[in-house]
Amino acid sequence: MTKIQTQYNRRSFLKISAAAGGGMLIGFSWLTGCISEGKKDETLAIPNEWFDINGYIKIGDTGLVTIYSPNPEIGQNVRTSMPMIVAEELDVDWQHVVVEQAPLNTGFYNNQIAGGSQSIRRGWHPLRMAGATARRMLLEATAKEWGVEVTVLTVANGIIKEINGDRTMSYGEIASKAVGLDVPEEVELKDIKDFKLISTSVKNVDGKKIVTGKPLFGLDFQREGMQLAMIQHPPAFGMKVKDFNEADIKTMPGISDAFIVDITIPEPGYFDEKGFLQLIAIVGKTTWQLMKAKKALQVNWEQISEPESSEMHLKRMEETLASEMGESRKDGNPEAAFKKATKVIERSYSAPFLPHNTMEPMNFFANVTETSAELIGPTQTPQALEGSVSKLLGLPIEDITVNMTRMGGGFGRRLYVNFGVEAAAISKKIGGPVKLIYTREDDMTQGTYKPAYLATYKAGLDENNNLIAFSVKGTGLPESPVFENRFPAGTVENYIAEKASTKTNITTGAWRAPRSHFIAGAEQSFLDEVAELAGKDPIDFRLELLDKAISNPIGKRNDYDASRYAGVLKLVKEKSNWGQETPGIHRGVAAYFCHNSYVAEVIDIAMEDNKPKIKKVWCAVDCGIVINPDAAVNMMQGGVIDGIGHAMYSQLTFKDGLPQQSNFNQYRLIRHSQAPEAIEVFFVENNIDPTGLGEPGLPPAIGALANALYQATGERYYHQPFMSYKPVMG
Amino acid sequence: MPEYKLRINGTSYSVDVDSDTPLLWVLRDELNLLGTKFGCGIGQCGACTVHFQGAAVRSCLIEVSTIGISEITTIEGLSEDGDHPVQKAWLEHDVPQCGYCQSGQIMNAAALLIENPKPTDKDIDNAMSGNICRCGTYVRIKQAIKTASNQ
């Protein structure tokens, strides 16, 4: 057993009533209700009284346990997997657990953010400790009750027993006595081999509610007396609103108000809006009336910076790459090595701006008074929202509450808090509760896009086809996509990475697997071409390089574990029967490490009616301990489809500052018929602390796709979307 | 504003709305039937799919004045207790990720199975391609439809 100090984030384990702001947790059940739908058949009755054991756990007198899931749920399934970790250490029957979303409470929880695939990785220790601490306190309470030592007690499934006796005590019976006990200084965590719940497939706690259409999402939130609002932002980047036909709009049916809001705040942070700070807001009774009022808007816009176009964007990035760039890593003497090389290959890759396009458009509820602000809705960063609203309204943080709804997708879009801040600004102006709703067009043309990128790779081989020189340089609008310390850095004697940003007035932000979603595809397609030039099998070529990184790495800053990297390649090689030819099947492979997890993928394509059709995707994953295997498979499948879909079909282009695509009739997302027929996922088994899977499945899919397409069509695919000028798949 | 009488999930409702109000917003804003989702407003994503006389339609495109006595079924009325074969199959395969598009996917799949109780992969692709899942649960949706088709 591992003994572990509870000092780390100790506040989380204190009795709720003793902590400032703790009262917020109690009674926050407007969405989930007391008992979730799935618990109807359970034998345990609804408790008359609940006892707060710590910030994560309350236990009812009947033995029913509520576990608060601290992090925002965007579809990555943390509302199931995070409470599973608590329940494991608490040693309670999962059938007796009810999950509730915790509100933002920085005093209790650390890292209440859905981003960077970090929920599980950063939650692992605090969640285990929350469960273990509560279990220990329940054991201590029982020992005290019976007048025995804790050491003579054991617990399983929420029932405490004497090791050498007949007495039993359920968590429900003893919970009241555990409240108020001193939090132990040190607790024992379970041995990994004793896990009963972790690494078993547990169904989504909200599954039943989702398939029956229960109101779980921000857009579904209702409050008595609430009005609805919509915004109109400038149609083009580089524009600002001057004035509009306010009087006409206000007289339209169902419209109560129309005005310009300004969401400029002092010292804006990373998650604040950078583009459209002044917006037209229309407030009214029904969504349809607001939509009609939006159509009736006549606005005078003001040009405040140069309107940009996609042609201009590409040209600017090409100019950056041709100019002096920032050198971020150099090993050996690349210049000399390229001169010495027998074969040299150079290729360029690009990808366009992309909106996130969560299926649930941006929305937020706000109720601002003179002295307080209440915000409810879909946010990946409740803490950033709280901070920005505090700045906007000039209210102290303590007077602002943020509660999170389930989110209809995140993908990074809801890291940015502008729509919550806009809701607060509108609520303040009208002096009442309001729910702000974006239309799809508002959502797609508002910015915060995945940046556009351009990168050039160059490799040099010696006469024995060894990779002796490697160069990567990349730029983007506005950020460079290059990770200088990632593979193949560390495997090549002479290596150089250069990067620079290119300016734009299009606003961008993190998009699922930032930078990796582009650079992995570029790098992995390039390596495929280098392997081909060297006359080597693409997996063997990579393994050869990784062997070098294992035995004799170049440089000290390599940010990956070469053995784990090689491990997923070997696993996917074995599972996919790589090397065995199947008539009509064309295969591509890629592997990538990002967000602390390792993934290798093989994509099988067949040509059907002269069009490529993805038959199967094989994935090998090393994310340490897998908390919830079937949910992890789901996440991987989603990442693969997301990667394939965007690389194949999606792009956002600009003309005179205007996004040229504003809804799904012009902007293509992958659909059923284009999805792979099957996706199989295999996990490397180990006892390494778990890492996340929200993002790592996506980046290698783009490389594996490009490489499989090459095998199937004989053409290399350098520029996304691959199918923009080609016949559509499927 | 005119008054419209509607038959939804076997219940009669009367609503007072503009004649061009789409069924989607009647359901969501007037009747508090929030299971039908707003995704695009132009019939391209399928999040707002409901049954109109048993066939799958996009409720964002149906003006309230055109409905008349037609029977509408939403996700809330698909089954008594979430026990429609399609809903059960969805749970068995643990399909949802974010879950937002799933009531539209389920309504579309349920309509497909009425018309074609044993759809092939190609039939499923054809019938379902109007329903976008941004999380990429397509593989599981197909498996779930096949499971439901065997019920």
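A quick note: this is a predicted structure, and the numbers were derived from the prediction, not measured.

Draft legend 1. View of the overall build of chain B. Summing up its helical and strand segments, chain B has 5 helices and 5 strands in all. Mapped in sequence order, the helices and strands of chain B form the string β-β-α-β-β-β-α-α-α-α. Relative to the compact-globule value of 15 Å for 151 residues, chain B shows a C-alpha radius of gyration of 15 Å, a close match. Across its three principal axes, chain B shows a C-alpha extent of roughly 45 × 25 × 25 Å. Taking all 151 residues of chain B together, 61% fall into the buried category. Considering only residue pairs separated by 6 or more positions, chain B has 55% of its internal contacts joining residues 24 or more positions apart. In the form shown here, chain B has an accessible surface area of approximately 5,400 Å², with 48% of it arising from carbon and sulfur atoms.

Draft legend 2. How the structure looks around the side chain of A:Thr379. Residue and element names in this part refer to chain A. Within the secondary structure layout, threonine 379 lies in the loop between strand S18 (373-377) and helix H9 (382-393). Side-chain polar atoms of threonine 379 contact the backbone nitrogen of threonine 381, separated by 3.0 Å. Apart from residues lying up to four places away in sequence, threonine 379 is in contact with Pro72, Phe364, Leu385, Val402, Met404, Met407 and Arg414.

Draft legend 3. The confidence of the model for chain A, seen in detail. Residues and elements named next belong to chain A. Confidence in the prediction of chain A, expressed as mean pLDDT, is 93, and 93% of residues score 70 or more. Low confidence marks residues 14-41, where pLDDT is under 50. Its contacts with residues over four positions away, or in another chain, come to 62 contacts. Scored below 50 in pLDDT, residues 725-730 shows 19 contacts in the model against residues more than four places distant or in partner chains.

Draft legend 4. The arrangement of the interface of chain B and chain A in detail. Chain B puts 52 residues into the contact, and the matching count from chain A is 63 residues. The three residues of chain B that bury the most area against chain A are B:Gln97, B:Arg134 and B:Tyr138, which together make up 17% of that side's buried surface. Inspection of the region where chain B meets chain A yields 6 salt bridges. When the shortest N-O distance is used, the salt bridge between A:Lys292 and B:Asp18 registers 3.2 Å. Applying the counting rule to chain B against chain A returns 29 residue pairs in polar contact (both at pLDDT 80 or more). The residue inventory of the side of chain B that touches chain A, partitioned by class, reads 22 nonpolar, 17 polar and 13 charged.

Draft legend 5. Looking closely at the state of the cysteines. Residue and element names in this part refer to chain B. Taken as a whole, this structure holds 0 disulfides over all chains when the rule is applied. Sulfur of cysteine 45: no disulfide; nearest cysteine sulfur belongs to cysteine 40 and is 3.8 Å away. Residue cysteine 133 stays outside any disulfide, its sulfur separated by 3.8 Å from that of cysteine 101, the closest cysteine. We classify cysteine 133 as buried; its relative accessible area is 4%.

Draft legend 6. View of the confidence of the model for chain B. Of all residues in chain B, 100% have pLDDT values of 70 or greater, and the mean over the chain is 97. In the predicted complex, the global pTM is 0.95; the interface-specific ipTM is 0.99.

Draft legend 7. How the structure looks around the packing of helix H3 (residues 102-115) of chain B against helix H4 (residues 121-128) of chain B. All names here are of chain B. Interaxial distance between H3 and H4 falls to 10 Å at its minimum, and their mutual angle equals 130 degrees. Taken together, H3 and H4 sit at an angle that is classed as oblique. Here the hand of the crossing between H3 and H4 comes out right-handed. For the pair H3 and H4, contact is made by Gln105, Asn108, Ala109 and Leu112 and by Asp123, Ile124, Ala127 and Met128, respectively. Considered class by class, the residues forming the contact of H3 with H4 number 5 nonpolar, 2 polar and 1 charged.

Draft legend 8. Local environment of the pairing of strand S3 (residues 49-52) of chain B. Side chains B:Thr49 and B:His51 project from S3(B) onto one buried face, and the interleaved B:Val50 and B:Phe52 project onto a second face that is buried too. Taking the residues between adjacent antiparallel strands as the criterion, S3(B) and strand S4 (residues 55-58) of chain B are bridged by 2 residues, where B:Gln53 takes a positive phi near 55 degrees.

Draft legend 9. Local environment of the sheet that holds strand S3 (residues 57-60) of chain A. All names here are of chain A. Taken in spatial order, the 4 strands of this open sheet run S2-S3-S4-S5, and their pairing is mixed. Two strands close off the open sheet at either side, each with one partner strand: strand S2 (50-54) and strand S5 (97-101). Averaged over all pairs of adjacent strands, the angle between strand axes in this sheet comes to 25 degrees, irrespective of strand direction. The sheet contact formed by strand S4 (residues 65-69) and S5 spans 5 bridges and is parallel. Along S5, the bridge assignment pairs threonine 66 with valine 98. Running at roughly 130 degrees to S4, helix H1 (residues 78-90) makes contact with S3, S4 and S5 of the sheet.

Draft legend 10. Region of interest: helix H2 (residues 85-92) of chain B. Buried residues of H2(B): B:Val86, B:Gln87, B:Ala89 and B:Trp90, and no others. Around the axis of H2(B), the buried residues are gathered within 160 degrees of arc, so they sit on the same side. Looking at the buried residues of H2(B), the elements they touch are helix H4 (207-211) of chain A together with H3 and helix H5 (138-149) of chain B. Positioned one or two residues after H2(B), B:Asp94 has a phi angle of 45 degrees, which is positive.

Draft legend 11. Spatial organisation of the pattern of salt bridges. Scanning all chains against the criterion turns up 48 salt bridges over all chains. The salt bridge partner of A:Lys250 is A:Asp257, with a shortest N-O separation of 3.9 Å. Where A:Asp630 meets B:Arg140, a salt bridge forms, and the shortest distance between an N and an O atom there is 3.1 Å. One end of the pair, A:Asp630, is in helix H15 (residues 629-649); the other, B:Arg140, is in helix H5, on a second chain. Here B:Arg140 falls in the buried class, since its relative accessible area comes to 5%. By sharing partners, the salt bridges in this structure join A:Glu88, A:Glu89, A:Asp91, A:Arg128, A:Arg135, A:Lys190 and A:Lys196 into a single network.

Draft legend 12. A look at the sheet that holds strand S26 (residues 611-622) of chain A. All names here are of chain A. Spatially, S24-S25-S26-S29 is the arrangement adopted by the 4 strands of the open sheet, whose pairing is mixed. On the outer flanks of this sheet lie strand S24 (586-594) and strand S29 (678-683), each paired with one strand and no other. Ignoring which end each strand starts from, the neighbouring axes of this sheet average 20 degrees apart. Two elements, strand S25 (residues 597-608) and S26, share 11 bridges in a ladder whose sense is antiparallel. Considered in S26, the bridge of isoleucine 603 is made with valine 617.

Draft legend 13. Structural view of unusual backbone geometry. All names here are of chain A. For the peptide bond that leads from leucine 477 to proline 478, omega is 0 degrees, which places it in the cis range. Locating proline 478 in the fold gives a position in the loop between strand S22 (467-477) and strand S23 (494-501). The phi torsion at serine 199 lies on the positive side, around 75 degrees, for a residue other than glycine. Note that serine 199 resides in the loop between strand S9 (186-189) and H4.

Draft legend 14. Region of the structure containing the packing of aromatic side chains. Residues and elements named next belong to chain A. Per the counting criterion, the structure on display carries 27 aromatic pairs over all chains. Arranged with centres 5.4 Å apart and planes meeting at 85 degrees, the rings of phenylalanine 353 and phenylalanine 654 form a pair that is edge-to-face. Of this pair, phenylalanine 353 sits in the loop between strand S16 (343-351) and strand S17 (363-368) while phenylalanine 654 sits in strand S27 (residues 654-655), and the two are 301 residues apart along the sequence. In this pair, the class of phenylalanine 353 matches that of phenylalanine 654, namely buried. With centroids separated by 5.6 Å and ring planes inclined at 80 degrees, the aromatic side chains of tyrosine 560 and tyrosine 565 adopt a geometry described as edge-to-face.

Draft legend 15. Representation of the nonpolar core. If you look at the biggest cluster of nonpolar residues, it comprises 132 residues, and the most contacted ones within it are A:Ile426, A:Ile644, A:Leu705 and A:Phe722. Discounting residues that sit within four places of it in the chain, A:Phe722 has contacts with A:Ala647, A:Met648, A:Ile702, A:Leu705, A:Ala706, A:Leu709 and A:Tyr717.

Draft legend 16. Region of the structure containing the pairing of S3(A). All names here are of chain A. Side chains Ile57 and Ile59 of S3 all project onto a buried face; the interleaved residues Lys58 and Gly60 project onto the opposite face, where all are buried too. Bridging between S2 and S3 involves 4 bridges; their strand directions are antiparallel. Looking at the pairing, phenylalanine 51 lines up with isoleucine 59 of S3. What sits between S2 and S3 in their antiparallel hairpin is a turn of 2 residues. Relative to S4, S3 is paired through 3 bridges, and the arrangement is antiparallel.

Cut-off values and rules
- Residues numbered from 1 in each chain as written.
- Chains lettered and ligands numbered in written order.
- Predicted model: local features only at pLDDT ≥ 70, side-chain atom pairs only at ≥ 80, totals over all residues.
- Heavy atoms only, no water.
- Helix = DSSP H or I, 4+ residues; strand = E, 2+ residues; numbered from the N terminus.
- Rg over C-alpha atoms; globule rule 2.2 N^0.38 Å.
- Buried < 20%, exposed > 50% of the residue type's maximum accessible area, 1.4 Å probe, protein only.
- Contact = heavy atoms within 4.5 Å.
- Areas by Shrake-Rupley, 256 points an atom, 1.4 Å probe, with all protein chains shown as cover.
- Polar contact = N/O pair within 3.5 Å; in protein donor to acceptor, adjacent residues only side chain to side chain.
- pLDDT = per-residue confidence, 0-100.
- Buried area = accessible area lost by both parts, 1.4 Å probe.
- Salt bridge = Lys/Arg side-chain N within 4 Å of Asp/Glu carboxyl O.
- Nonpolar A, V, L, I, M, F, W, Y, C, P; charged D, E, K, R; others polar.
- Disulfide = S-S within 2.5 Å.
- Axes fitted to C-alpha atoms, helices over the stretch in contact; angles between N-to-C directions.
- Parallel < 35°, antiparallel > 145°, perpendicular 65-115°, else oblique.
- Left-handed = near helix turned anticlockwise from the far one by under 90°.
- Pairing = 2+ DSSP bridges.
- Arc of directions from axis to C-beta.
- Phe/Tyr/Trp six-rings, centres within 6.5 Å; stacked < 30°, edge-to-face > 60°.
- Core = buried A, V, L, I, M, F, W, Y, C linked by side-chain atoms within 4.5 Å.

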